[in-house]
Amino acid sequence: MDLRIFTEPQQGATYETLLTVAKATEDLGFDAFFRSDHYLKMGDVDGLPGPTDAWITLAGLARETRRIRLGTLMTAGTFRLPGVLAIQVAQVDQMSGGRVELGLGAGWFAEEHQAYGIPFPKEKFGRLEEQLAIVTGLWETKLGETFDFQGEYYTLTDSPALPKPAQDRIPVLIGGHGATRTPRLAGRYADEFNMPFASIEDSERQFGRVREAVSAAGRRPEDLVYSNALVVCVGKDDQEVARRAAAIGREVDELKANGLAGSPAEVVEKIGRYQEAGSQRIYLQVLDLHDLDHLELISAQVQSQLS
């Protein structure tokens, strides 16, 4: 079971804070550092000092880390034109020595688009499908050849399809709860399917749908990684769990029901149940980015039991 650290910087974080967390992620033996891709805070926080851009952040971290994988859950397809996104991600992959992964979603948070003047089209899913075709098509085009695409939303003509990533294939993550279209897209384009903030039962059900869609697309279901994203709140005793829950504005019972919360033993047991449902990787949503002792505890007493 891989454990990855997943952050939500729109809630309030500087690049320096993210760098500190990413270096701790690397030093403590976690597999990867991922971040959300949002420009507006959510809920009852001030969000100060303001948003940081996902791919600018990852470009910086690419030069200041050496081992961990780096990526997004999920880049909003509404934020970037697909050709530009393909260039950005390929460049960051080169800068990291081939450690980048791209989570790509349709985009959903209307208010952040309104706040920063970003178009928020009604038909986002059709655009996402074309974006996936374009981004992967550009990367897969052989050197010296050109890439063309004629779709309903995007047209590319005689693209040199440059630059190329450092990896032969940048892993593409697709995720979500949709019962039909999401599994179909994952079946065609995904290297990993991620189920965000879902119960064990719902995860098992959706993993089954995705496996069927992968087979229908002529691929092997076992060639994909199946993962979950879950909020984490671990403490060495009940008092520490309660303190960490209060620091992120959540209730312990709610966190235990909907995330990974409690003692290390409780969290290891629940991760085991997700594993039985088909999950191979967990993205630990860490909401208090200044509590590095939390990461140390998870590394020493949760990750050590899973490796």
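In what follows, the structure referred to is the one given above.
Computed from a prediction, not measured in an experiment: that's the story for all the values here. (Residues numbered from 1 in each chain as written. Predicted model: local features only at pLDDT ≥ 70, side-chain atom pairs only at ≥ 80, totals over all residues. Heavy atoms only, no water.)

**Side note on the packing of helix α1 (residues 15–27) against helix α2 (residues 54–64)**
Across the interface, α1 lies against α2 with an axial gap of 10 Å and an inter-helix angle of 45 degrees. When the axes of α1 and α2 are compared, the pair comes out oblique. Seen along the crossing, α1 lies across α2 with a hand that is right-handed. Contacts between α1 and α2 involve Tyr15, Leu18, Leu19, Ala22 and Lys23 from the former and Thr57, Gly60, Leu61 and Glu64 from the latter. Tallied by class, the residues present in the contact of α1 with α2 amount to five nonpolar, two polar and two charged. (Axes fitted to C-alpha atoms, helices over the stretch in contact; angles between N-to-C directions. Helix = DSSP H or I, 4+ residues; strand = E, 2+ residues; numbered from the N terminus. Parallel < 35°, antiparallel > 145°, perpendicular 65-115°, else oblique. Left-handed = near helix turned anticlockwise from the far one by under 90°. Contact = heavy atoms within 4.5 Å. Nonpolar A, V, L, I, M, F, W, Y, C, P; charged D, E, K, R; others polar.)

**Quick look at the packing of aromatic side chains**
Enumeration according to the criterion identifies six aromatic pairs in this entry. Consider the rings of Phe34 and Tyr283, whose centres lie 5.0 Å apart with planes at 70 degrees: the pair is edge-to-face. Placement of Phe34 in strand β2 (residues 32–35) and of Tyr283 in strand β12 (residues 281–286) is noted, with a sequence separation of 249 residues between them. Judged by relative accessible area, Phe34 falls into the buried class, the value being 0%. Here a set of aromatic residues connected by ring pairs shows up, and it is made of Tyr39, Phe79 and Tyr116. Positioned above the aromatic ring of Phe125 is the side chain of Arg181, whose terminal nitrogen or guanidinium carbon lies 4.2 Å from the ring centre. (Phe/Tyr/Trp six-rings, centres within 6.5 Å; stacked < 30°, edge-to-face > 60°. Buried < 20%, exposed > 50% of the residue type's maximum accessible area, 1.4 Å probe, protein only. Lys NZ or Arg CZ within 6 Å of the ring centre and 35° of its normal.)

**Section: empty space enclosed by the protein**
Scanning the model with the defined rule gives one cavity of 30 Å³ or more in all. Quantified by volume, the largest cavity comes out at close to 60 Å³. Along the walls of the largest cavity sit Val232, Arg244, Ala247, Ile248, Val286, Leu287, Asp288, Asp291 and His294, which together make up its complete lining. When its residues are assigned to classes, the lining of the largest cavity shows five nonpolar, one polar and three charged. (1 Å grid on protein atoms, 1.4 Å probe; cavity = no way out; pocket = protein on both sides within 12 Å on 5 of 7 lines; lining within 4 Å. Points joined across faces, edges and corners; volume = space filled by probe spheres on them.)

**Some details on helix α11 (residues 292–306)**
The end-to-end C-alpha separation of α11 is 20 Å, in line with the 21 Å expected for 15 residues at 1.5 Å each. Where α11 bends most, the angle comes to about 35 degrees, and this point is Ser299. Within α11, burial applies to His294, Leu295, Leu297, Ile298, Ser299, Val302, Gln303 and Leu306. Of the surrounding elements, those touching the buried residues of α11 are β1 (2–7), α1, β10 (225–234), α8 (238–247), α10 (264–276) and β12. (Expected span 1.5 Å × (residues − 1). Bend = angle between axes of the 7 residues up to and from the residue.)

**Focus: the pairing of strand β7 (residues 155–159)**
As defined by bridge partners, strand β6 (residues 147–150) adjoins β7 across three bridges and the pair is classed as antiparallel. Bridge pairing links Phe149 to Leu156 in β7. Counted between consecutive antiparallel strands, the loop separating β6 from β7 contains four residues. (Pairing = 2+ DSSP bridges.)

**Quick notes on the environment of Asp2**
Looking at the element boundaries, Asp2 is found in strand β1. Take Asp2: its relative accessible area is 30%, and that puts it in the partly exposed class. In this structure the side chain of Asp2 is engaged in a polar contact, spanning 3.1 Å, whose partner is the side chain of Arg281. (Polar contact = N/O pair within 3.5 Å; in protein donor to acceptor, adjacent residues only side chain to side chain.)

**Section: the pattern of salt bridges**
Taken as a whole and judged by the stated rule, the model has 20 salt bridges. Measuring nitrogen to oxygen at the nearest pair gives 2.9 Å for the salt bridge that ties Glu101 to Arg4. Of this pair, Glu101 sits in strand β5 (residues 100–105) while Arg4 sits in strand β1; the two residues are 97 residues apart in sequence, bridging distant segments of the chain. This pair shows no difference in class: Glu101 is buried, exactly as Arg4 is. Across the pair Lys256 and Glu266 runs a salt bridge, and its minimum N-O distance is 3.3 Å. (Salt bridge = Lys/Arg side-chain N within 4 Å of Asp/Glu carboxyl O.)

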